[in-house]
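Spelled out from the first residue to the last, the chains are:
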Amino acid sequence: MVKVEVSIISKETIKPSSPALHHLKPYKLSVFDQVTPTTYVPTIFFYPMTDLNLNTSQVIAQLKKSFSETLSIFYPLSGRIKDNLFIHEFDMGVPYLEARVNCCMSEFLKHQEIELLNLFIPCNVFCKESDTTTVALIAFQLNIFVCGGIAVGVSFLHKFGDAVTTSAFLHSWAATCIGSPEKVTHPNFTEGSSMFPPRDSLPQKYLATMESLWFKEGAYVTRRFVFDNKAIATLRAKAKSERVPKPTRIEALIGFIWKHYMEASKAIKSGSKRTSMLVQAVNLRTRMKPHLSDSSTGNLFWWATVAADLAMEGRELHELVDQVRKAIAGFDGDCTKGLQGDEGLSTISDYFDQLEDMFSAEIKPDVCAFTSWLRFYNDIDFGWGKPFWVGIMGKVGPTFRNLIIFNETPWGVGIEAWVTIDEKELAILENDLEFLTFASPNPSISISL
């Protein structure tokens, strides 16, 4: 395989098509947005472009035009953050980069190296952005392969929204591109900040504690593991218990990966009385009563937390899955209601106080975060069909955290786990025979163009 080179050939700023956005009121952040770090989440959509009648220049022009039109609907994405309280200046625009790739898409996917994925996105991956007032809330990079295939790389600022919000924007952009206005999401920009209002004087220690949850110096490496449907079915069967008779696919995978991560961590840090802390992102929209729709923008999620002593022996998969289920169930009903309104700050403060105690201890916990992107991104169609594959990220920065992202495989026959952990722990995981019985490390992706 030739050395993959991605050459940027143009840069510009795309602004909303509507000229009247300066009359709109600033977009208020919610308290969850306020405590979410200013960092970019990457996603890359690979489209082989098998229709020989498509004109690349026309495709690019239509993508840019529809992006501008969609920005008029999701206008806060074109603005800038002010004082960690609101978004304004909606006419600032969004960075757009166009690039050429020196190989065919089929060749890249067949021999793809995870680290190379960062070449296809416009912003640094999961790095702390120091100047929060000037960073764009979204940026995209259009990558054209020699064969005519297109990879759309998106960097979405987590400070503005979660995967639900990102998905709503991308689906609306795709719908606008193909001329299907009935599929465009009309976002609700006020619900999040109304239910979870921002704080003018949010204690700085809470922001520092959240950064401790997200970022830690280390030598992090990302690997993609694929669990096929047979492996997932077997793990679900192993994860069954009286309390959890029907574990979900994600619950079984979380329990399995966490179990083997703890074993790897224990092998490196043997003798230390360390705690392993699992945090799982929970979408609050579906936990609210009544439910909020997916059109409600922002970071409307919070972290379910489970702690385990690394010194414990013989953890069974079903026991870990039971703990995960119990933690997530804690967000049903009254707990979610307790996070709302002015009184919600007390609940959030208690959570941060507990985290602060853990991170200020002499022996700090190992944090392992999980999030599921299933059903968010695999059907985004700009008029050339669904993406053949959705890549996530290559090398993260030197300051990050252990993170596992779940996404569907291109063929719908399993789940990909994008595992980012310390390189020493990953080396143990990659040689863990029981783990590899169920997880295939970075299998090639073959397509016929």
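Check the entry above for the structure.
One structure accompanies this document, and this report is about it. Please read these numbers as outputs of a predicted model, since none were measured by experiment. (Residues numbered from 1 in each chain as written. Predicted model: local features only at pLDDT ≥ 70, side-chain atom pairs only at ≥ 80, totals over all residues. Heavy atoms only, no water.)

Considering the nonpolar core
Next, step 1: Of all hydrophobic cores here, the largest spans 154 residues; its most connected members are Phe 227, Trp 303 and Phe 406.
Next, step 2: The element best represented in this core is helix α8 (residues 249-268), accounting for 9 residues.
Next, step 3: With residues up to four places along the chain from it excluded, the contact list for Phe 227 reads Ile 232, Leu 235, Leu 253, Phe 256, Ile 257, Val 413, Gly 414, Ile 415, Ala 417, Phe 435, Phe 438 and Ala 439. (Core = buried A, V, L, I, M, F, W, Y, C linked by side-chain atoms within 4.5 Å. Buried < 20%, exposed > 50% of the residue type's maximum accessible area, 1.4 Å probe, protein only. Helix = DSSP H or I, 4+ residues; strand = E, 2+ residues; numbered from the N terminus. Contact = heavy atoms within 4.5 Å.)

Some points on the environment of Asp 322
Next, step 1: By the secondary structure assignment, Asp 322 is in helix α9 (residues 317-329).
Next, step 2: Overall, Asp 322 belongs to the buried group, its relative accessible area being 13%.
Next, step 3: Taking the C-alpha atoms as reference points, Asp 322 and Glu 251, 71 residues apart in sequence, are found 8.9 Å from one another.
Next, step 4: Excluding residues within four positions of it along the chain, Asp 322 makes contact with Arg 243 and Val 244.

Points about the sheet that holds strand β5 (residues 86-88)
Next, step 1: Strands sit in the order β2-β5-β4 across an open sheet of 3 strands; the sheet is antiparallel. The sheet is open, and its two borders are formed by β2 (27-28) and β4 (80-82), each paired with just one other strand.
Next, step 2: The pairing of β4 with β5 spans 3 bridges and is classified as antiparallel. By the bridge assignment for β5, Arg 80 is matched with His 88. (Pairing = 2+ DSSP bridges.)

Quick notes on the packing of helix α6 (residues 204-214) against helix α11 (residues 344-359)
Next, step 1: At a closest axis distance of 10 Å, the pairing of α6 and α11 adopts a crossing angle of 60 degrees. In terms of their interaxial angle, α6 and α11 are classed as oblique. Between α6 and α11 lies a crossing whose hand is left-handed. Note on element contacts: α11 touches α6 through Ser 349, Phe 352, Asp 353, Leu 355, Glu 356 and Phe 359, opposite Lys 205, Tyr 206, Thr 209, Met 210, Ser 212 and Leu 213. (Axes fitted to C-alpha atoms, helices over the stretch in contact; angles between N-to-C directions. Parallel < 35°, antiparallel > 145°, perpendicular 65-115°, else oblique. Left-handed = near helix turned anticlockwise from the far one by under 90°.)

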